[in-house]
Amino acid sequence: MNLMSCNTLTVQIANTRVCENLSLPLKAGENWAILGMNGCGKTTLLHTIAGLLPAQAGEITLNNINLSNLSRREIAQQVGLLLQHQEDHFPGTVLEAILIGRHPHLKSWQWESEIDKQLAYDALKLIGLDNFSERPILTLSGGERQRVALATLLVQQTKVRLLDEPVNHLDIHHQHEVMKLLTTNNNDVANVFVLHDVNLATRYCDHALLMFGNGETQQGNCSDVLTEENLSKLYQHPIKEISHQEQRWFIADSH
Amino acid sequence: MRPITFIIFLTFISIVLFIGTLFLGSVPLSFQTVWLSLTESNTENASLIITELRLPRTLAAFATGALLAQAGALMQVLVRNPLADPYILGVSGGAATAVLIGMLFGFTSAFGLTGLAFIGALIAMILVFVLAHQKGSWTPTRLLLTGVVIAAGWGAAISLILTLSPTKNLHGMLFWLMGDLSYSDSVSFAFSVLIIGLSLSMLLSSQLNVLIRGDKLAATLGINLKQLHIKIYILASLLTAAAVVQAGSIGFVGFIVPHLIRLAGITDHRFLLPAATLGGGILVLVADTAARTIIEPQQLPVGIITALIGIPLFLYLLQRDAKQ
């Protein structure tokens with residue numbers, strides 16, 4: 001069964017046709033990569049799937065229920081979204097920033113329990129910031145802040161995780177740590193990654209959605225979709241495939 | 001310090017100040033006189049000073065500060081800018097304009113004036129938000145700037161009303177406007193609004209903790225943004241209105257107090273809101289006591305004192321933010 005699916009979805013923002021008649025089934029255990037050039041509407045599509053933006057046509061369903069029939073809270077219990085930028089105008093501790101991820105699961109008068117706090121500590125450990133719980137978030141580096149945002153998503157414990165450039169600001173080591181963390185043992189979770197690094201997609205994702213910026217999209221298994229020809233068309237730049245230790249690598253060729 | 005300890009500490013300070021301010025004033029009173037005038041009803045002069053002058057004023061000062069600080073804390077979450085405050089965003093100005101119009105037409109009841117102030121505050125708030133709205137969202141900076149400009153507009157409207165007012169009312173109107181607590185009555189009404197307001201905002205406090213991290217994030221965490229925004233609009237307007245009716249537009253309390261509470265390490269709104277309420281009460285109580293004792297028997301409007309504290313702090317924060 002599909003956890004979530006987009007049926008004949010058409011999304012347009014300003015003058016950009018983001019997608020046309022897109023049908024995208026998301027099943028548990030799948031890892032999707034969304035690839036495309038800057039400004040082709042990857043973020044818009046992700047926000048539309050999360051129910052934050054309206055679609056021009058088509059529907060999005062969560063467990064076969066139309067998203068528009070669910071409250072924000074009901075959606076938040078099952079669909080999480082990692083935003084590209086974190087907004088911090090006010091002080092607060094890392095623990096506080098992570099615990100808001102529990103909000104959709106708590107009643108309005110309910111305080112976070114020890115179990116909720118433990119989830120937050122566990123998440124901190126998973127993202128490699130073990131002793132950061134009392135650190136003021138305003139003192140974190142870009143990469144650390146990004147990982148804290150990821151921890152917030154983890155404690156939200158959703159079946160669908162939409163991740164807008166999750167490796168933004170991260171060094172190579174942490175890029176791989178984060179991708180590994182999200183794609184290991186995720187049998188009951190569907191991940192959708194917006195990525196700029198094709199090689200992270202080939203390595204950690206099983207499905208890919210290519211967005212060409214004119215409403216046209218292409219999807220399928222990574223092994224079928226991610227080819228020299230498709231990627232060169234996608235990025236309007238010659239892309240070469242090389243093989244190294246049975247792993248496919250894509251590099252930008254010079255013009 | 002643990003948040004709960006901090007709140008108990010603020011409560012203790014409030015009680016001490018409550019009692020302390022009863023002894024301060026141009027007429028020195030002994031402990032016995034104060035005690036007797038509070039416990040027994042009599043009509044001696046000393047007793048009247050306490051029950052008719054000092055006690056109501058102490059209560060009014062506390063309530064006004066508490067209302068403003070709470071309104072400020074709410075508005076800061078709404079616009080996601082720590083510099084927001086009912087005075088700076090022009091909400092006090094809108095409320096004051098409405099009250100002055102009411103006074104011009106001879107309104108006197110606190111209930112009626114608060115109603116007018118509420119409408120004025122709500123109009124001011126909606127005006128700022130509608131004008132700052134752009135492409136379906138607003139930026140905190142744009143919102144703040146729009147508020148400042150609108151506040152200037154209210155200032156002009158107030159000047160116009162004062163020009164049209166009969167001379168005999170002018171002195172009272174002016175003092176009330178500058179933030180003067182010596183004319184305030186209906187303290188119990190202000191306290192009712194304060195307690196209802198605090199209870200309602202406490203119900204929203206965990207949502208505020210999420211909203212403060214951004215609209216988009218809050219929506220992904222299950223917050224109905226439109227609903228929450230409207231609740232905050234109404235609550236903040238109501239709190240501001242009750243404060244303005246008490247003491248005109250006292251500036252900067254709404255922004256100084258939540259800021260100081262955050263500096264003390266309290267950022268969770270379930271603690272921040274009650275702490276700001278107490279802190280606001282304390283600040284205005286101290287400022288007002290200073291205002292009525294510094295050059296006694298002459299009295300200053302309390303707004304002058306809060307501006308003296310608020311303006312340098314505001315400028316300092318603005319400069320610090322620019323450096324970051």
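Residues numbered from 1 in each chain as written. Chains lettered and ligands numbered in written order. Predicted model: local features only at pLDDT ≥ 70, side-chain atom pairs only at ≥ 80, totals over all residues.

**Student:** Just to check I follow, could you spell out the overall build of chain B for this structure?
**Tutor:** Helix and strand counts for chain B come out as 13 helices and zero strands. Mapped from its N terminus to its C terminus, chain B presents α and β elements in the order α-α-α-α-α-α-α-α-α-α-α-α-α. Since a compact globule built from 324 residues should have a radius of gyration of about 20 Å, the 20 Å found for chain B is in line with a globular shape. With the C-alpha coordinates of chain B rotated into their principal frame, the extents come out at 65 × 50 × 35 Å. Counting only residues that meet the buried cut, chain B has 48% of its 324 residues in that class. Long-range contacts, defined as pairs at least 24 residues apart, comprise 76% of the intrachain contacts of chain B with a sequence gap of at least 6. (Helix = DSSP H or I, 4+ residues; strand = E, 2+ residues; numbered from the N terminus. Rg over C-alpha atoms; globule rule 2.2 N^0.38 Å. Buried ≥ 20, exposed ≤ 12 C-beta atoms within 10 Å, placed from the backbone. Contact = placed C-beta atoms within 7 Å.)

**Student:** What is the right way to read the overall build of chain A from this model?
**Tutor:** Secondary structure assignment for chain A yields nine helices and twelve strands. What you see for chain A is a C-alpha radius of gyration of 19 Å, in line with the 18 Å of a compact globule of 255 residues. Expressed along its principal axes, the backbone C-alpha trace of chain A runs to roughly 55 × 45 × 35 Å. Taken over 255 residues, chain A has a buried fraction of 40%. For chain A, long-range pairs separated by at least 24 residues make up 66% of all intrachain contacts whose partners lie at least 6 apart in sequence.

**Student:** Could you clarify how one ought to interpret the nonpolar core in this entry?
**Tutor:** A general feature of soluble globular proteins is that nonpolar side chains tend to end up buried together. Of all hydrophobic cores here, the largest spans 167 residues; its most connected members are I34(A), I98(A), A208(A), L67(B), V99(B) and A117(B). At 16 residues, helix α3 (residues 45-79) of chain B tops the list of elements feeding residues into this core. When sequence neighbours within four positions are dropped, the list of residues in contact with A117(B) reads A95(B), A98(B), V99(B), A241(B), V244(B) and V245(B). (Core = buried A, V, L, I, M, F, W, Y, C linked by C-beta atoms within 7 Å.)

**Student:** Please clarify how the sheet that holds strand β9 (residues 207-211) of chain A should be interpreted in this entry.
**Tutor:** Through backbone hydrogen bonds, the strands of a sheet pair up, either in parallel or in antiparallel fashion. All names here are of chain A. Spatially, the six strands line up as an open sheet ordered β6-β7-β8-β3-β9-β10, and their pairing is mixed. The sheet terminates laterally at β6 (79-82) and β10 (217-221), the two strands that pair on one side only. Pairs of neighbouring strands in the sheet enclose a mean axial angle of 15 degrees, with direction left out of account. Sitting on the sheet, helix α5 (residues 142-156) touches β6 and β7 (160-164), and the angle it makes with β6 is about 180 degrees. (Pairing = 2+ DSSP bridges. Axes fitted to C-alpha atoms, helices over the stretch in contact; angles between N-to-C directions.)

**Student:** I'm lost on the interface of chain B and chain A in this one. Help?
**Tutor:** How big an interface is tends to be stated in terms of the accessible area lost upon association of its parts. Of the residues lining the interface, 22 residues belong to chain B; the matching set on chain A comes to 20 residues. For the side of chain B that touches chain A, the secondary structure elements donating two or more residues are α8 (187-211) and α9 (215-220) of chain B.

**Student:** Please clarify how the packing of helix α2 (residues 31-39) of chain B against α3(B) should be interpreted in this entry.
**Tutor:** Any two packed helices are characterised by how steeply their axes cross, that is the angle between the axes, and by the distance between the axes. Residues and elements named next belong to chain B. As a packed pair, α2 and α3 sit with axes 9 Å apart at the nearest point and diverge in direction by 65 degrees. The orientation of α2 relative to α3 falls into the category roughly perpendicular. Crossing of α2 over α3 shows right-handed handedness. Contacts between α2 and α3 involve T33, V34, L36, S37 and L38 from the first element and A46, S47, I50 and T51 from the second. Its residues assigned to classes, the contact of α2 with α3 shows five nonpolar, four polar and no charged. (Parallel < 35°, antiparallel > 145°, perpendicular 65-115°, else oblique. Left-handed = near helix turned anticlockwise from the far one by under 90°. Nonpolar A, V, L, I, M, F, W, Y, C, P; charged D, E, K, R; others polar.)

**Student:** Just checking my understanding: could you explain the sheet that holds strand β1 (residues 2-13) of chain A for this structure?
**Tutor:** Residue and element names in this part refer to chain A. If you walk across this open sheet you meet the four strands as β2-β1-β4-β5, and the pairing is antiparallel. Where the open sheet ends on each side, the last strands, each with one partner, are β2 (16-27) and β5 (65-66). Both β1 and β2 contribute to a ladder of eight bridges, which runs antiparallel. When the sheet's bridge partners are listed, M4 is paired in β2 with L26. Sitting on the sheet, helix α1 (residues 42-49) is in contact with β1, β2 and β4 (57-62), with an inclination near 130 degrees to β1.

**Student:** So what exactly am I meant to see when it comes to the pairing of β4(A) here?
**Tutor:** If a strand is regular, its side chains alternate between the two faces of the sheet. All names here are of chain A. Pairing of β1 with β4, which is carried by five bridges, proceeds in the antiparallel orientation. Paired with N7 across the bridge in β4 is E59. Two strands pair when backbone bridges link them, and β4 and β5 are joined in this way by two bridges, in the antiparallel orientation. When the sheet's bridge partners are listed, T61 is paired in β5 with N66. Remark: two residues form the turn of the hairpin made by β4 and β5, two consecutive strands paired antiparallel; N63 in that turn has positive phi of roughly 50 degrees.

**Student:** Would you explain the environment of L46(A) in this entry?
**Tutor:** Residue and element names in this part refer to chain A. You can see L46 is positioned in helix α1. For the pair formed by L46 and Q12, sequence separation is 34 residues and the distance between their alpha carbons is 13 Å. Each residue touching L46, except ones within four places of it in the same chain, is listed here: L81, L162, D164, V192 and V194.

**Student:** Sorry, what's going on with helix α6 (residues 172-183) of chain A here?
**Tutor:** Residues and elements named next belong to chain A. Here α6 contains twelve residues, and its C-alpha end-to-end distance of 17 Å stays within 8% of the 16 Å for a straight helix at 1.5 Å per residue. Here α6 has its buried residues at V178, M179 and L182. The buried residues of α6 occupy one face: seen down the axis, they fall within an arc of 95 degrees. α6 presents I172, H173 and K180 as exposed residues on the side facing more than 90 degrees away from its buried surface. In this structure, the buried residues of α6 make contact with α5, β7, β8 (190-194) and α7 (198-204). One or two residues past the end of α6 sits N185, with phi positive at roughly 50 degrees. (Expected span 1.5 Å × (residues − 1). Arc of directions from axis to C-beta.)

**Student:** Looking at this model, I keep getting lost on unusual backbone geometry. Mind explaining?
**Tutor:** Peptide bonds are mostly trans, and most non-glycine residues show a negative phi. A positive phi angle is found at H169(A), which is not glycine, with a value near 70 degrees. For H169(A), a count of 16 C-beta atoms within 10 Å gives the class partly exposed.

**Student:** I'm lost on the packing of helix α4 (residues 114-126) of chain A against α5(A) in this one. Help?
**Tutor:** All names here are of chain A. One way to put it is that α4 packs onto α5 with a least axis distance of 9 Å and a crossing angle of 135 degrees. One way to sum up the angle between α4 and α5 is to call them oblique. In terms of crossing hand, the pair formed by α4 and α5 is right-handed. Where α4 abuts α5, its residues L119, A120, A123, L124 and L126 lie against A151, L154 and V155.

**Student:** I tried to follow helix α1 (residues 3-23) of chain B on my own but got confused; where do I start?
**Tutor:** Every α-helical turn comprises 3.6 residues, leaving residues that sit three or four positions apart pointing alike. All names here are of chain B. With 21 residues, α1 ought to run about 30 Å at 1.5 Å a step, and its terminal C-alpha atoms sit 31 Å apart, in line with that. Within α1 the residues assigned to the buried category are I7, L10, T21 and L22. The buried residues of α1 occupy one face: seen down the axis, they fall within an arc of 105 degrees. For α1, the exposed residues lying more than 90 degrees away from the buried face are T5, I8, F12, I15 and V16. Turning to α1, the residues buried within the fold contact α2, α3 and α12 (269-293).

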